[in-house]
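Examining the three-dimensional arrangement
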Amino acid sequence: MQPIQSKIPVSTSEGIYLFNPDEIIRLEASSNYTYIYFTNRKPMLIAKVLANYNEMLSGMGFLRTHRSHLVNSQYIQFIDASGHIIMQDTSRAGLSRRKKKDVINAIRNHLMHKSLAA
């Protein structure tokens, strides 16, 4: 069993769910709410702003690609020329012009560290 520190707490009206970061594909802001998209369940709408999750997930391979998107870099499949990120579940996340270079560099660094560790 994994330690509880590696889990992300998600509060709902039903209670608090604990998820592994690997289960989360991406997060999308919607006003003062956040949609969380998972690998193994339906999306959840949470009454928290995206910035809260950005802080929680910052050292776990998640990238803020746009003011309204936070993506798990391990699920990025393609970055198109028009500034969209296509995820493995075929969903799209925005990529702002200002963050494009940093996101691409972060993905390259992530892949380099992954290949060196193998």
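Our structure is the block above this text.
Read on for an overview of the structure.

Digging into the overall build of the protein
- Per the secondary structure count, the protein includes two helices and ten strands.
- Along the protein, helices and strands appear, N-terminal first, in the series β-β-β-β-β-α-β-β-β-β-β-α.
- Counting only contacts in the protein whose residues sit at least 6 apart along the sequence, the fraction spanning at least 24 positions is 34%.
- Accessible area of the protein: about 7600 Å², with a carbon and sulfur share of 51%.

Some words on the nonpolar core
- Core analysis: the biggest nonpolar cluster contains 14 residues, and Val10, Leu27, Ile36, Tyr53, Leu57 and Leu70 have the highest contact counts within it.
- Of all elements in the fold, only β1 (8–11), β3 (24–30), β4 (33–38), β5 (44–46) and α1 (50–57) reach the threshold of two or more residues within this core.
- The element that contributes the greatest number of residues to this core is α1, accounting for three residues.
- In this view, Leu70 contacts Arg26, Leu27, Leu50, Tyr53, Asn54, Leu57, Phe62, Leu63 and Arg64; residues no more than four positions away in its chain are not counted.
- Of all hydrophobic cores here, the second largest spans eleven residues; its members include Val71, Ile85, Met87 and Leu95.

Things to note about the packing of aromatic side chains
- One pass over the full model with this rule turns up three aromatic pairs.
- A ring pair is formed by Tyr17 and Phe19, whose centres lie 5.8 Å apart and whose planes are at 15 degrees; its orientation type is stacked.
- Residue classification places Phe19 among the buried positions, given a relative accessible area of 3%.
- By way of ring pairs, the aromatic residues Tyr17, Phe19 and Phe38 are connected into one cluster.
- Above the ring of Tyr17, the side-chain terminus of Arg41 is found at 5.5 Å from the ring centroid.

Here we look at the sheet that holds strand β9 (residues 84–87)
- With respect to topology, three strands assemble into an open sheet ordered β8-β9-β10, the strand pairing being antiparallel. Both outer strands of the open sheet, β8 (76–79) and β10 (92–94), are each paired with one neighbouring strand and no more. Recorded for the sheet is a direction-independent mean angle of 30 degrees between the axes of neighbouring strands.
- Bridge count between β9 and β10: three bridges; the pairing is antiparallel. Its bridge partner lying in β10, His84 is registered against Gly94.

Overview of the pattern of salt bridges
- Under the defined criterion, the tally for this structure stands at two salt bridges.
- Arg26 serves as the salt-bridge partner of Glu28, at 3.0 Å between the closest nitrogen and oxygen.
- Judged by relative accessible area, Glu28 falls into the partly exposed class, the value being 24%.
- Between Asp80 and Arg92 there is a salt bridge whose closest N-O contact spans 3.8 Å. Of this pair, Asp80 sits in the loop between β8 and β9 while Arg92 sits in strand β10, and the two are twelve residues apart along the sequence.

Definitions and limits used
Residues numbered from 1 in each chain as written. Predicted model: local features only at pLDDT ≥ 70, side-chain atom pairs only at ≥ 80, totals over all residues. Heavy atoms only, no water. Helix = DSSP H or I, 4+ residues; strand = E, 2+ residues; numbered from the N terminus. Contact = heavy atoms within 4.5 Å. Areas by Shrake-Rupley, 256 points an atom, 1.4 Å probe, with all protein chains shown as cover. Core = buried A, V, L, I, M, F, W, Y, C linked by side-chain atoms within 4.5 Å. Buried < 20%, exposed > 50% of the residue type's maximum accessible area, 1.4 Å probe, protein only. Phe/Tyr/Trp six-rings, centres within 6.5 Å; stacked < 30°, edge-to-face > 60°. Lys NZ or Arg CZ within 6 Å of the ring centre and 35° of its normal. Pairing = 2+ DSSP bridges. Axes fitted to C-alpha atoms, helices over the stretch in contact; angles between N-to-C directions. Salt bridge = Lys/Arg side-chain N within 4 Å of Asp/Glu carboxyl O.

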